[in-house]
Amino acid sequence: MNTFQKSAAVWNKFFVTLMKAPVLEKVLGKSTALITYTGRKSGKSFSLPVSYKRDGDALAVAVMMPDKKNWWRNFDGDGGRVMVEIAGVARPGHAVTVHDPKGRMSVSITLDPVGS
């Protein structure tokens with residue numbers, strides 16, 4: 001793990017704790033979600049805060065500096081399952097990495113229907 005990744009891990013832990021604070025949970029939930037997924041190689045559970053754009057049950061998560069991050073690689077190919085928490089409400093979904101022609105990276109998440 002390089003210095004950038006170590007710093008990001010510390011920041012993510014702090015921000016996840018901050019997101020759980022009752023007063024901030026709903027405010028931060030308007031633009032920030034907490035995604036939890038299982039690493040393909042490690043089998044460990046990871047949670048990290050991400051900024052998102054929402055259109056119904058579809059979320060788009062831009063991956064900034066993808067060459068310095070690894071989490072999005074868990075959703076290459078057929079993608080994988082995630083739990084998305086927005087403003088204190090958790091919903092399961094399916095995430096897939098999107099590689100656009102300009103070299104930008106994003107993760108597309110389709111939330112499961114409510115009650116399924």
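Please read all numbers here as calculations on a predicted model, not as lab measurements.

(A) Examining the overall build of the protein chain more closely. Looking only at helices and strands, one finds two helices and seven strands in the protein chain. The buried share among the 116 residues of the protein chain stands at 34%. The contacts in the protein chain between residues at least 6 apart in sequence include a share of 41% that link residues at least 24 apart. On the protein chain, roughly 7,400 Å² of surface is accessible, and the fraction owed to carbon and sulfur atoms is 61%.

(B) Quick look at the pattern of salt bridges. Under the defined criterion, the tally for this structure stands at four salt bridges. Between Asp-112 and Arg-81 there is a salt bridge; the shortest N-O distance is 2.4 Å. Of the two residues, Asp-112 is situated in the segment after strand 7 (105–111) and Arg-81 in strand 5 (residues 80–86); the sequence distance between them amounts to 31 residues. Using a relative accessible area of 18% as the deciding quantity, one classes Asp-112 as buried. Members of the salt-bridge network, linked through shared partners, are Arg-54, Asp-57 and Arg-91.

(C) Representation of the sheet that holds strand 1 (residues 32–38). Here we have seven strands laid out as an open sheet, ordered 2-1-5-6-7-4-3, and antiparallel in their pairing. Here the strands that pair on one side only, and so sit at the sheet edges, are strand 2 (45–51) and strand 3 (53–55). Sheet twist, expressed as the average angle between the axes of neighbouring strands with direction ignored, equals 30°.

(D) Structural view of unusual backbone geometry. Phi at Met-65 takes a positive value of approximately 50°, unusual for a residue other than glycine. A positive phi angle, near 50°, is found at Ala-87, a position not held by glycine. Tracing the backbone shows Ala-87 in the loop between strand 5 and strand 6 (89–99).

(E) Just the nonpolar core, in detail. In this structure, Ile-35, Trp-71, Val-84, Val-107 and Ile-109 are the most contacted members of the largest nonpolar core, which totals 20 residues. Sorting the residues of this core by element identifies strand 1, strand 2, strand 4 (58–63), strand 5 and strand 7 as the ones contributing at least two each. Ranked by residue count, the leading element in this core is strand 7, at four residues. Those residues in contact with Val-84, other than ones at most four positions away along the chain, are Ala-33, Leu-34, Ile-35, Leu-59, Val-89, Ala-90, Arg-91, Ile-109 and Leu-111.

(F) Layout of the environment of Tyr-37. For Tyr-37, the location among the structural elements is in strand 1. It is 8.5 Å that separates the C-alpha atoms of Tyr-37 and Asn-74, two residues lying 37 residues apart in sequence.

(G) Expanded view of the packing of aromatic side chains. Taken as a whole, this structure holds three aromatic pairs when the rule is applied. Ring centres 5.5 Å apart and planes at 70° place the aromatic pair Tyr-37 and Phe-75 in the edge-to-face group. Placement of Tyr-37 in strand 1 and of Phe-75 in the loop between strand 4 and strand 5 is noted, with a sequence separation of 38 residues between them. Like Tyr-37, the residue Phe-75 is buried in the burial classification. When the centroid spacing of 6.3 Å and the interplanar angle of 70° are considered together, the rings of Trp-71 and Phe-75 count as edge-to-face. Comparing Trp-71 with Phe-75 shows no difference in burial state: the two are buried.

Conventions used here
Residues numbered from 1 in each chain as written. Predicted model: local features only at pLDDT ≥ 70, side-chain atom pairs only at ≥ 80, totals over all residues. Heavy atoms only, no water. Helix = DSSP H or I, 4+ residues; strand = E, 2+ residues; numbered from the N terminus. Buried < 20%, exposed > 50% of the residue type's maximum accessible area, 1.4 Å probe, protein only. Contact = heavy atoms within 4.5 Å. Areas by Shrake-Rupley, 256 points an atom, 1.4 Å probe, with all protein chains shown as cover. Salt bridge = Lys/Arg side-chain N within 4 Å of Asp/Glu carboxyl O. Pairing = 2+ DSSP bridges. Axes fitted to C-alpha atoms, helices over the stretch in contact; angles between N-to-C directions. Core = buried A, V, L, I, M, F, W, Y, C linked by side-chain atoms within 4.5 Å. Phe/Tyr/Trp six-rings, centres within 6.5 Å; stacked < 30°, edge-to-face > 60°.

Shape descriptors only; they carry no functional weight alone.
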